[in-house]
Amino acid sequence: MSRDSLKPLSDHMQSDSGDSKPSIIDRLLELVRAKCSLFIDPEGKAYATFCSSSGIQETWAIDSKYFHQVIGYWFFLNYKKPVRQDQVKEVCHSLHAFATYEGCQHEVFIRVAAINDNYYIDLVNDDWQVVEVSATGWQVLDNSPVKFVRSDTMQALPLPEQGGDIDELWQFVNVAEGDRLLVLVWLLECLRQNTQKPVLELLGGHGCGKSHTTEVLRSLVDPSTASLRHFPRKDEDLFISAQFNWIIPYENVSHLSETKQDLLCQICTGSAYVKRTAYSNASETVLSACRPQVINGITPVATRLDLIDRCISVELPTMTPGNRKTKTELEQAFQRARAKLFGALLKLLSGAMMQLPLIKLKSLPRMADFALLGEAVCSSLGQEGEFVHIYEANRSQLISSSLEGSPVAIALLEMCQARGSGQVFNGVVSNLLKQLANYRTDYCNWPKTPRGLGNVLRREQEALKLKGIGISFTGKTSRGRNVVINYKSGAQHTLSAQRALDPSGVASSDARSAHGAQEIPANRMDDVQVELAV
């Protein structure tokens, strides 16, 4: 059906009554169309942009609760009578058709947007102001150049102030000095809409401030009335949550199945959940999401390499009774410093954006955008080449922790160390299962069949490679699938980073970490080679 065949839709509207007097639905529809600019997003969802009573442009989804309340209020102001909920729903159904066939298509954003190399952050205040961040600085705009939408749970960010020091953040969160750069870069990545988002994992024992740290970090980017949430049971619920939140938090998670870990990977790199539209057999509803995620708990939940490659794991220090403060005291002090901390965060992002075109990584990790941003942040702080070292050390530690929970990996490493460097096994998987049995310590989680062992080896193949163990499946024989295992003791994993020179061919040599790292020699600034023993 063409758009032309449906224009104008108002010609086909029928009155509720038999006389010529317009019905309530007709009058409400006419009123809303006169006040609103209707459009759809790329996924076909309908929205309305209108001026509020104070002259501020607002954008809301047509099917949102707030928009239903607004048009009911408009009708009462004009006609001095209320409108029923079913009449509002019928009008919104017609508005969706007008938006689809007569409106334009615009992309909508929640909290953060990226347009023309600039980033925009919705402050979610009553004036609908946004912050524009570019490579030259940041400024608050009264009129947003992009269309932001809001949810009922979103809260306002403070108006950012100049003169803040980002190092003051660490008095409000319990993060060890060696992990602060990783957490800081993760926060900055949350302010970028068009990149993949690593998962931040906050670990620690009871009473180390995991929940408070999660709340503070989120409140600097995406404050919410529901700042902490439990991990949803259904995949659909997670994608629904992503439609109304920019940062997705998970509170007190002790274990995640392989399926749930895969789901986290999808959210941090961008994916979609497709389901049948309710009360329809001929259409589908698509829920797309690419969101920053933060998860806290006592033990690591990232055990699959796919998630490990997309995860930053931070162990929070133990808090002694003498270091504790009351929640009220911390919150009051944080609220006083919040505007300047937000301004300092924006200033750091702007500085990183200026350095970003100069950053080159010789070897890109899986979360390449995050690594590039980290190097750009270090460059703006005068610490070139430091981030890849810290990032790779964190990843290697997480891999080691995951292998420590695998009885097969522990047994295989012990067998390789006992037999020394070189080829330690060449044969069918069933024979390998028998030989590994001499080194096993966990009988409950031990694979019971050669096929089970083969699945474990494939799943942990890349992680074991970082331990110097090479696994190759060389084909099938009459006795089963053949596998070759080679071991190289003292294996190292190398990641290199290089900062492009400026036109004069000189890079900064003043590199002293503001976070406790050691000084990098000037003669290594332009080509920093990081070698990390695993």
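Since the model is a prediction, treat every value here as computed from it, not as a measurement.

Moving on: the overall build of the protein. If you tally the helices and strands in the protein, you get 15 helices and 22 strands. Taking all 534 residues of the protein together, the buried fraction comes to 49%. A sequence separation of at least 24 residues applies to 69% of the contacts in the protein between residues at least 6 apart. Carbon and sulfur atoms provide 47% of the accessible area of the protein, an area that totals close to 25,900 Å².

Our next topic: helix 12 (residues 407-419). Over its 13 residues, helix 12 extends 18 Å from the first C-alpha to the last, a length consistent with the 18 Å expected when each residue adds 1.5 Å. Within the sequence span of helix 12, burial applies to P407, V408, A409, A411, L412, M415 and C416. Positioned one or two residues after helix 12, G420 has a phi angle of 85°, which is positive.

On to the confidence of the model for the protein, then. Looking at the protein as a whole, its pLDDT mean stands at 85, while 87% of the residues score no less than 70. Note that residues 492-534 has pLDDT below 50 and, in this model, 100 contacts with residues that lie over four places away or in other chains.

Pairing geometry for strand 19 (residues 469-477) and strand 20 (residues 480-487), over eight bridges, is antiparallel. Residue pairing across strands places I469 opposite Y487, the latter belonging to strand 20. Counting the residues between successive antiparallel strands, the hairpin from strand 19 to strand 20 contains two residues.

Glancing now at the sheet that holds strand 20. As summarised here, the arrangement of the three strands in space is 18-20-19, forming an open sheet in which the pairing is antiparallel. Of all the strands in the sheet, just strand 18 (422-428) and strand 19 have a single pairing partner and so form its edges. Strand-to-strand twist in this sheet, taken as the mean axis angle between neighbours without regard to direction, amounts to 15°. Together, strand 18, strand 19 and strand 20 form the strand contacts of helix 12, whose direction differs from that of strand 20 by roughly 60°. Packing of helix 13 (residues 429-436) onto the sheet brings it into contact with strand 18, strand 19 and strand 20, and relative to strand 18 it is tilted by some 120°.

Running from N to C, helix 1 (residues 24-35) and helix 2 (residues 65-79) cross one another at 110°; their axes reach a closest spacing of 10 Å. Here helix 2 runs roughly perpendicular to helix 1, going by the angle between their axes. Together, I24, R27, L28, L31, V32 and K35 of helix 1 and F67, I71, W74, F75, N78 and Y79 of helix 2 make up the contact between the two elements. Its residues assigned to classes, the contact of helix 1 with helix 2 comprises nine nonpolar, one polar and two charged.

What follows covers the sheet that holds strand 7 (residues 118-122). On the basis of which strands lie adjacent, the open sheet formed by four strands has the order 6-7-8-9 and antiparallel pairing. Single-partner strands in this sheet number two, and they are strand 6 (112-115) and strand 9 (137-141). For this sheet the average axis-to-axis angle between neighbouring strands, irrespective of direction, equals 20°. For strand 7 and strand 8 (residues 130-134), the ladder comprises four bridges, and the chain directions are antiparallel. For Y120, the partnering residue across the bridge sits in strand 8 and is E132. Across the sheet, helix 9 (residues 327-355) lies against strand 7, strand 8 and strand 9, angled at about 35° from strand 8, the strand it touches most.

Conventions adopted
Residues numbered from 1 in each chain as written. Predicted model: local features only at pLDDT ≥ 70, side-chain atom pairs only at ≥ 80, totals over all residues. Heavy atoms only, no water. Helix = DSSP H or I, 4+ residues; strand = E, 2+ residues; numbered from the N terminus. Buried < 20%, exposed > 50% of the residue type's maximum accessible area, 1.4 Å probe, protein only. Contact = heavy atoms within 4.5 Å. Areas by Shrake-Rupley, 256 points an atom, 1.4 Å probe, with all protein chains shown as cover. Expected span 1.5 Å × (residues − 1). pLDDT = per-residue confidence, 0-100. Pairing = 2+ DSSP bridges. Axes fitted to C-alpha atoms, helices over the stretch in contact; angles between N-to-C directions. Parallel < 35°, antiparallel > 145°, perpendicular 65-115°, else oblique. Nonpolar A, V, L, I, M, F, W, Y, C, P; charged D, E, K, R; others polar.

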